[in-house]
Every structure is written in structure tokens, then in C-alpha cells.
Amino acid sequence: MIELSRQPLLKAENLSKSFGGIHAVREVSFAVARGQIKGIIGPNGAGKTTLFNLITGFYAADAGAIYFNGRSLNNLVPHQVAERGVARTFQNVELFDRMTVLENVMVGRHPKTRAGFISAAFSLSKARKEESGIRDKAMEILNFIGLSERAADPSTSLPFGFQRVLEIGRALATDPLLLLLDEPASGLNAGETRELGRLIGRIRDKGITVVLVEHDMSLTMEVCDEILVMDYGRTLAEGSPREIQQDPEVIAAYLGEEPFA
Amino acid sequence: MDLSNQILQYIISGITNGAIYAVIALGFTIIYNSTEVINFAQGEFVMLGGMAVIALDSMTNLPLGFSFLLAVLAVTLVGLALERFTIRPAKSSDPIALIIITVGASIFLRGVAMMFWGKDSLGLRPFTGSTPIHLGGATLVPQSLWVLGVTVMVMAALQFFYKRTITGKAMRACAFNRRAAGLVGIGVNRMVLVSFGLSAAIGAAAGIVVVPITLCGYDVGIMLGLKGFCAAVLGGLGSSPGSILGGFLLGVLEALGAGLISSGFKDAIAFFVLLLVLFIRPSGLLGSKEVKRF
Amino acid sequence: MSRFLGYKSVQVGSFGLLLALVPVVVTNRYYLNVLIFIGIHTLLVVGLNLLMGYAGQISLGHAAFFGLGAYTSGILTATYKLSPWPAMVIAVVLTVAVALLVGVPALKLSGYYLAMATLGFGIIVYIFFKELVWLTGGPSGLVGIPKLSIGNVVLDEPKTYYFLVWAITLGAIALSLNIVDSRVGRALRAIHDSEPAARASGIYTARLKIWVFVVSAVYASVAGSLYAHFITFISPSSFDFMFSIKLVTMVVVGGMASIWGAVFGAATLTVLPEVLAVFHDFDIVIFGLILMVVMIFMPQGLTRGALDLWEKYRLQRDVAGESLSGG
């Protein structure tokens, strides 16, 4: 057991994925320690989102291995990865548009609950009990992310910043060990981004490990313990925010983009 | 007739039908590539082409070639109208809404055809005589040569259009990446319109050229559409060479199956091929496009 | 929560009461027959709506499952003299097997494949009904299907059959209301709204889609058995492509993702052709127009769309009123 807790929570070894001759991810290796907030940065097209899609089973890797909590994630499909305790958000915010705010989070309880067609259809008492548990848990999460007042509103009625937060709430509802955030700050203003940074800190305080992919660096530098820099599908550098800021290769890759402005 | 001659005969008739399936499959492919919509009214273009040429030929004294062109033109207009008045104004890009809209269009066109031409199947004289041509131990009606000729012409014209004309190149760009095409100034809406027109035109041509062999009724569109789709999936949805290969392959398989097993269930063969492809290799024979969703 | 559950049972209860009272007023056999047809169609449409309206997958061949139920019941009872209730169960089992055979490969892919696969499937099953003359009686149909009975009571009067059909349909409505308002129902709607997000939330979308496809096929099969024992004579033309399209139209008119809408859609499109002569001559043109117009302008379906429009109008009116009083 001691061994297990010393192991990294997530470990990728020589991951590669290409699409029609274009190497989106090339021999990338990295590890995420338990309780860490890890940032993955890099310019557009560096392979960050592809990396997420490989971890969460949306893509199958061409080569390499992924270990989560000591077990391989290779050959798993997305819902199985979610059941193992990996939750994610999407770059373009994928909410369930025809549901309320509360229902969106309730869907997130899916992997932790069991009721099927039959017990739902006949509204068996165990299904009813489970349903009220789902509702309570979802309300608890809405409280945590600060959206409980909007519980009954359609999710599309939320301003964009809150939609991002709601998506994080839905991911939290799966009780993840690891939360993957895909460009959570994109489309947010400076105030919202600061707010998001605080939320990410509180999520980590609950014991959830966080990996976030970001295009711009302000949020990443502020909240992350460790950063992985990618460029053209490869690992460019890895280290603490301070080390990354001083890394000559990173500076060269970002030349003219003023990454740390 | 011995068995090998019989099989040769089946293959010849299979190739003739296969040519039609190939053209219908191309019609699906053209629209799918520019919109990712499967047009369930595709078969109706074929039916309308056949019905229109029959009407023109029986009501006017125009030369057949002229009726051919007029019928293609008329169906092209129907295709353009379908896009302009049903697909474009659609508020939702939800596949289920688009499926239902094109299904609605399909049975609407079917109903209109029934009102115009009644429920009976109609025929047309062959383009050039009906003396069978002997080919080894099998025979071939001259109209089959017309079918193959027109199919080859349609394919060549499409190839020319895609490779040599600005509009064609723009459409290929759209198929490759719609958003990027829009960003470089290609009118994506216009390309979608063109794809419906083009798809209707080649569907109509197929319908016209095959009428003298198979007859045409208001209700033939659905089955033809289904078989064309089956051919497109067999070859690999979205791939033009795949559509052509799939069409001919399906035609021959169907003819052999109908001849050697049972003709009553001829129409079921295409469907079983479709299910089999979906089970074993959903990307089809020549399709390799990854499912591009996350 | 309990308030909502109560709300649901009040809805079902009052609708049931209304249905129970109808035969007190309506004694005319023809009207009762129409009501029985509405019940059978409602059963079909409620099932189809679970698939279409909630999960966002479409079946263009649902008449085939209806036909499988009807023919299995018909053949087993008329030809092989089996008693109707076990026959109905066998019909359901057979339908499940066939639905799995078609659904498993088709549902792995996008909705277009399922639509086309079910379209083809519907046509093929129709061909089988017509061509397997030794089994089905072919185009001229199958005769001599017995009436249903419960215990020693034969349900040969429209009034008694009305109660049976609507009891089953009402049960199906209640079950469906429970399903859509549950973990499974939310998962179905999640698939419709965003399949990637549904999968990332731990939903095994491929299996759930197959489940709902099978469930809707089972509803259709039961409806088919009820139909066969009601009219005691079946022929392939009742299960053709156009009937599948009519069912889709009923869903579209009633509204996507609305169980009560399904009742409305089924009732409207069962009654209208009986009263309006235009439907007789031009039915496919009219069904085509309804499908196109509704889905272009109100993709949520006619009833939902009309409600949304009304809501929008009221909001605008209120805003206009406020600005008037404010100025």
C-alpha cells in the first residue's frame, strides 16, 4: 500500500499517435504525482488535446503505454476510463444543452450508480433511493462550485464562464481521482480566470489530482506545481513553473509570442 | 445454357445494375462530403429522372437526347430547391432532424410523382434498338452499353469537375475541412447548394439511362436509394473510388445471388451486404477516414 | 422528489380515469374501434419516442417490429393453435433477437447508419411477409387469428378490448415516464445532446443505445400482437414502409422527448385521416410535408415547437408591456 501511494497516479510511456502521416503526439512520457496540479502547455497543435484523448480512451495510441493508479489504461474505452476515476472536460464545452444545470451534474453520477431500465421503469425502491442520493450529491457539488442558485435553469442560460464551471462540476460528480481540464480558461476574462484558479486549488484540496492543458500561461504558472511543455507533438521541457520560465528551449520555441507577459 | 454461361449472364446484368448503384452511391458521397448529411431523398432523384424523360418523350416530339438533357436539368432544379428550401433553413444540425427532413422530402417527391403519373410502372424505348448482342455464351441488350457509357461519362465529368474547375476544387477543400475552407473565402453555403444540384443531376442521368431496361414507377426511389447507400458503405462512405467499386460489386453480388439462390429475395441481398459490412468493416473497402469526433 | 413522483402518478391516474370513463359516453362501435387504434398507435409511438426523441436515434423500419409481433402471434395462434398469451411472449423474444441482430452493428456508428439499416430492414421484413407464402399466407394475408381472452372471458367486444389495449398502453406510458425521469433516461438524453460528453461521464453509450432500441422494438411487438388479435386478419400491407413513416410523423407531431406528446401525436394522426378526405388521396404528400415543415422550423416537434413559440410571444408581449408602462 505504501508502494502504491509512492507511485505516480498517472504515468505515460512513449505515447505516440499520428493521423494520416501527421504525428500529433510523438514518444511523449511523463508522470503525474498524487495530489499534484500539473500543467501541459504548448502552442496550438502541439498535441495537448490529443494527449487527453489518448488518456481518456477517445483515441487508441499507436504505441506506448498509459498507467493509472498502477493499472494500464491501454485498450479501455472512454466510459471505462471514467469508471476507473479519470474525469475530463472539453475544449469547446460539451454540456447537455436540453438539460437543467442540476441534471447536467446528475449525469456525472452515472458511473457511481447502478439503476438500469428495469428498476427505473418500475421505480423500484432501491432505484428511488439511489435517485435521491444522486440528487443530493449533485446539489452538494453545485454548492461547491457556486451554482446552486441556478440548479433549475436550463444549462444554456448560463453565461459562458459558468458553463465551463458547470462542466467541471459534472466531471467532479464522477468522484474522480484525476481531473483533466482542457483549456478551462479559454474564453474567460481575467476575473473569471482568477476565480477558476481558486476553484482548481479547492479541488486539489479535496485530494483530487488535476492536469490542465492550457494555451496561454498566466493561469498555469500560477496554479501548477509542475509543467510539461509540448511542441510539435514532442516533450520540450518538464519542471516547476520557475524552471520552465528560464528554460532556453521553451523561450526559443515561444520566441515572439511573449509567453510570460 | 451451361452454368458458366449462366454465370457470365448474371455478371453482365449485375454490371449494368451495378453501374446505376455506383452513380447513386456517388450522389450520396458528393453530398456527404460537403455536408456530412446523408440525403435520404437520393433515390427520388433517380426516379424523377426516369419519370421526367418518359413524360417528355411521350408528350413532345423532341429528340431523345434533348429530352435527356431537359430531364436532367429539371431534376437538378429539384435538387437545388431541396437544399435551398429544406436543408438550408433547417434550424437544427442534429442528424435526426436532417434525416427526418430528407425522409420527408423523399416521400413528398414520391407522392407528387404518384399524383402526376399514377401508380403504374412506365417504360421507354431503348435509345438504340433492342437487338441483343452476343458475348460468349451470354447476351447483352444495347441499352446496357448506354448505361455503362453514361456511367463512365458521369465519372469522367466528375473527375474533371473536381480536378480542373475552381468550383470543383473549392468543393474538395470543403470536404477536407469546412471551417478552413470558409476561412479562405470559399462560400461554403454555395458549395453545399452545388453539391445537391450535382448529386441530383447524376442521379437523374442514371435514372434516365436505365428506364428502357427496368421500367420506372413512382415508388422505385427508396429501393434504389437504399442500394446506392449500401454501395457507398461497401466501398467506404465518403470515398468516390469506393462508391464506384461498391456499386459494381453490389450489382454483381446481387445478380449472382438472385440467379443462383432465389430471385424473390433479390432486394434482400443488398441489405444483408449492408449489415455484413457494418458488422465486419464499417469503414468499407476503401474508406480509411478516421471517425473524427474528439 | 416525492412531489415530482406524485405529480407523475396524478397525471397517469387522471388520464386513466378519463380513459375509463370514455366508454360510458362512447358506445358506438366505430368510435370505440378508432379509440382502440389510437391505443395501439400510442403504444408504438411511446416506444419509438424513447428511441428517437430521447436517445436521438431513429428507426425508419419500426413497422417491421410491429409486423413481427403481429405475424408471430398470428401464425402461432391461427396455424399452430397455440394460446395467445404465450404466443405474445414468444413474439417479444423473437423481436428482441431480431432487434439485437440489426441494432448491434448499426448502433456502433452514427445515427445515419441506424436510419438506413432500419429502413432497409423494414423493407426486407415486408418482403419476407409477402414472399414466405407457406408461413404468412403471402400478399393475401393470414386469416383466423383468434380473439384474446382473459381466463374464460373472450374479449370479442370493442368495449372489452378497448379496456385491455388501454390498460397495457397506460402501463407502458407509466413505465416510460419512470424511465425518462431516471438515471437511464438522463443518460439517453445525454447521448442525444453530446455523445462525447456522455462517454466521458461514464455512460456506455453503445450498450445503452442497443437497450433503448430493443425496448422500443418490444413496445412495437406487443402492439403488433394486440393488433393481430383485434382485427383477426393481417396482411403485409399493414406493415410497409409508409406505416413506419407514419409512426415517425406521429412522433414528430407529438414532439420529441415527450411521452404525453406521443399520445397526442398518435391520436391526431389516427383521427385526421378518418375525418379528412384529403388524407386518402394524398396521404404521402401530406405526411412528407408535415415531416419537412415541422423539422425545419420546430426541430423539437410540433407540440414542443408550438409551446416554445407561445412562450416567446408571451415574453415579448410582457417585455413590450413593461416598456410601455415604464415609459
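Check the entry above for the structure.
Residues numbered from 1 in each chain as written. Chains lettered and ligands numbered in written order. Predicted model: local features only at pLDDT ≥ 70, side-chain atom pairs only at ≥ 80, totals over all residues.

Q: Help me out: how do you make sense of the overall build of chain B in this one?
A: From N to C terminus, chain B includes eleven helices and two strands. Start at the N end of chain B and walk to the C end: the helices and strands fall as α-α-α-α-β-β-α-α-α-α-α-α-α. Its C-alpha atoms give chain B a radius of gyration of 19 Å, within 12% of the compact-globule value 19 Å for 294 residues. With the principal axes as the frame, chain B shows a C-alpha extent of 60 × 50 × 35 Å. Considering chain B as a whole, with its 294 residues, one finds that 52% of them fall into the buried category. Long-range pairs, those at least 24 residues apart, make up 75% of the contacts in chain B with a sequence separation of at least 6. (Helix = DSSP H or I, 4+ residues; strand = E, 2+ residues; numbered from the N terminus. Rg over C-alpha atoms; globule rule 2.2 N^0.38 Å. Buried ≥ 20, exposed ≤ 12 C-beta atoms within 10 Å, placed from the backbone. Contact = placed C-beta atoms within 7 Å.)

Q: Got a minute to help me understand the overall build of chain C in this structure?
A: When helices and strands are counted, chain C shows 14 helices and two strands. On C-alpha atoms alone, chain C measures out to a radius of gyration of 21 Å, which is about the 20 Å that the 2.2 N^0.38 rule sets for 327 residues. When the backbone C-alpha atoms are referred to their principal axes, chain C occupies close to 80 × 50 × 45 Å. Burial statistics for chain C: of 327 residues in total, 56% are counted as buried. Relative to all contacts within chain C whose residues are 6 or more apart in sequence, the contacts with residues 24 or more apart total 76%.

Q: Explain the interface of chain C and chain A to me, please; I cannot follow it from the model alone.
A: The accessible area lost on association of the parts is a frequent measure of interface size. In this complex, chain C contributes 24 residues to the contact, which on the side of chain A involves 32 residues. Within the residue set of the side of chain C that touches chain A, elements represented by two or more residues are α7 (158–180), α8 (183–193), α9 (195–200) and α10 (205–231) of chain C. Here the side of chain C that touches chain A takes eight residues from α8 of chain C, the largest share from any one element. Its residues assigned to classes, the side of chain C that touches chain A shows 13 nonpolar, six polar and five charged. (Nonpolar A, V, L, I, M, F, W, Y, C, P; charged D, E, K, R; others polar.)

Q: Would you take a moment to explain the packing of helix α1 (residues 3–35) of chain B against helix α8 (residues 188–214) of chain B for this structure?
A: To describe two helices that pack against each other, one gives the angle between their axes and the distance between the axes. Residue and element names in this part refer to chain B. Running from N to C, α1 and α8 cross one another at 170 degrees; their axes reach a closest spacing of 8 Å. The angle between α1 and α8 falls in the class roughly antiparallel. Counted together, Thr16, Ile20, Val23, Ile24, Leu26, Gly27, Ile30, Ile31, Ser34 and Thr35 of α1 and Met191, Val192, Ser195, Phe196, Leu198, Ser199, Ile202, Gly203, Ala206, Val210 and Ile213 of α8 form the full contact between these two elements. Across the contact of α1 with α8, the residue classes tally to 14 nonpolar, seven polar and no charged. (Axes fitted to C-alpha atoms, helices over the stretch in contact; angles between N-to-C directions. Parallel < 35°, antiparallel > 145°, perpendicular 65-115°, else oblique.)

Q: Whenever I open this one, the sheet that holds strand β3 (residues 37–41) of chain A confuses me. Can you help?
A: Pairing between sheet strands relies on hydrogen bonds along the backbone, with the strands arranged either parallel or antiparallel. Residues and elements named next belong to chain A. Taken in spatial order, the six strands make up an open sheet running β6-β7-β8-β3-β9-β10, and their pairing is mixed. Looking at the sheet topology across the chains shown, the edges are occupied by β6 (86–88) and β10 (234–239). The sheet shows a mean angle of 20 degrees between the axes of neighbouring strands, taken without regard to direction. Sheet topology places β6 next to strand β7 (residues 178–182); three bridges connect them, and they run parallel. (Pairing = 2+ DSSP bridges.)

Q: I keep staring at the environment of lysine 11 of chain A and nothing clicks. Help me out?
A: In this fold, lysine 11 of chain A is placed in strand β1 (residues 10–19). The spatial distance from the C-alpha of lysine 11 of chain A to the C-alpha of arginine 128 of chain A is 39 Å, given a sequence separation of 117 residues.

Q: Quick question: what am I supposed to make of the pairing of β7 of chain A here?
A: Across a regular strand the side chains alternate sides, sitting on one face of the sheet and then on the other. Residues and elements named next belong to chain A. By the criterion of burial, β7 is predominantly enclosed, with five of the five residues buried. Side-chain alternation along β7 places Leu178, Leu180 and Asp182 on one buried face and Leu179 and Leu181 on a second face that is also buried. Summarising the sheet, β7 and strand β8 (residues 209–214) pair through five bridges and their orientation is parallel. Within the sheet, the bridge partner assigned to aspartate 182 lies in β8 and is valine 213. Of the crossover connections in this fold, the one passing from β7 over helix α8 (residues 190–205) to the parallel β8 is right-handed. (Right-handed = clockwise from strand over helix to strand, strands pointing away.)

Q: Would you mind going over the interface of chain C and chain B with me for this structure?
A: If you look at the interface, chain C gives 39 residues, while chain B gives 38 residues. For the side of chain C that touches chain B, the elements supplying multiple residues, two or more each, are α4 (84–106), α5 (111–131), α11 (241–254) and α13 (278–297) of chain C. Top contributing element to the side of chain C that touches chain B by residue count: α5 of chain C, with 13 residues. When its residues are assigned to classes, the side of chain C that touches chain B shows 32 nonpolar, five polar and two charged.

Q: Can you walk me through the sheet that holds strand β5 (residues 71–72) of chain A in this structure?
A: All names here are of chain A. Pairing within the open sheet is antiparallel, and its four strands lie in the order β2-β1-β4-β5. Edge positions in the open sheet fall to β2 (22–32) and β5, since each of these has one partner strand only. The sheet contact formed by β1 and β2 spans seven bridges and is antiparallel. Residue pairing across strands places phenylalanine 19 opposite isoleucine 22, the latter belonging to β2. Sitting on the sheet, helix α2 (residues 48–55) touches β1, β2 and β4 (63–68), and the angle it makes with β2 is about 65 degrees.

Q: In this structure, what is going on with the packing of helix α5 (residues 142–164) of chain B against helix α6 (residues 166–176) of chain B? I would like to understand it.
A: Residues and elements named next belong to chain B. Between α5 and α6, whose axes approach to 5 Å, the crossing angle comes to 80 degrees. As far as their axial angle goes, α6 and α5 are roughly perpendicular. Counted together, Phe161, Tyr162, Lys163 and Arg164 of α5 and Gly168, Met171 and Arg172 of α6 form the full contact between these two elements. Residues of the contact of α5 with α6, tallied by class, amount to three nonpolar, one polar and three charged.

Q: Before we go on, may I ask you to explain the pairing of β10 of chain A in this structure?
A: Residues and elements named next belong to chain A. Taken together, the five bridges between strand β9 (residues 226–231) and β10 define a ladder with antiparallel strand orientation. Residue pairing for β10: isoleucine 227 is matched across the bridge by glycine 239. In this antiparallel pair of consecutive strands, β9 and β10, the connection spans two residues, and tyrosine 232 shows a positive phi of 50 degrees.

Q: In this structure, what is going on with α2 of chain A? I would like to understand it.
A: Because an α-helix completes one turn every 3.6 residues, residues spaced three or four positions apart along the sequence face the same direction. Residue and element names in this part refer to chain A. Most of α2 is tucked away, with eight of its eight residues classed as buried. Of the positions making up α2, those classed as buried are Lys48, Thr49, Thr50, Leu51, Phe52, Asn53, Leu54 and Ile55. Two residues or fewer past α2, glycine 57 is found with a positive phi of approximately 85 degrees.

Q: Is there a simple way to think about unusual backbone geometry in this case?
A: For residues besides glycine, phi is generally negative; the peptide bonds are generally trans as well. Residues and elements named next belong to chain B. Look at glutamate 36: it is not a glycine, yet its phi comes out positive at around 60 degrees. The residue glutamate 36 is located in the loop between α1 and α2 (42–59) in this model. Its identity is not glycine, yet leucine 215 carries a phi of approximately 70 degrees, on the positive side. For leucine 215, the position within the fold is in the loop between α8 and α9 (221–235).

Q: Would you explain the environment of glycine 39 of chain A in this entry?
A: All names here are of chain A. Residue position: glycine 39 is located in strand β3. Overall, the presence of 25 C-beta atoms within 10 Å leaves glycine 39 in the buried class. Taking the C-alpha atoms as reference points, glycine 39 and glutamate 249, 210 residues apart in sequence, are found 17 Å from one another. Contact partners of glycine 39, with chain neighbours within four places excluded, come to Leu212, Glu214, Thr220, Cys224 and Ile227.

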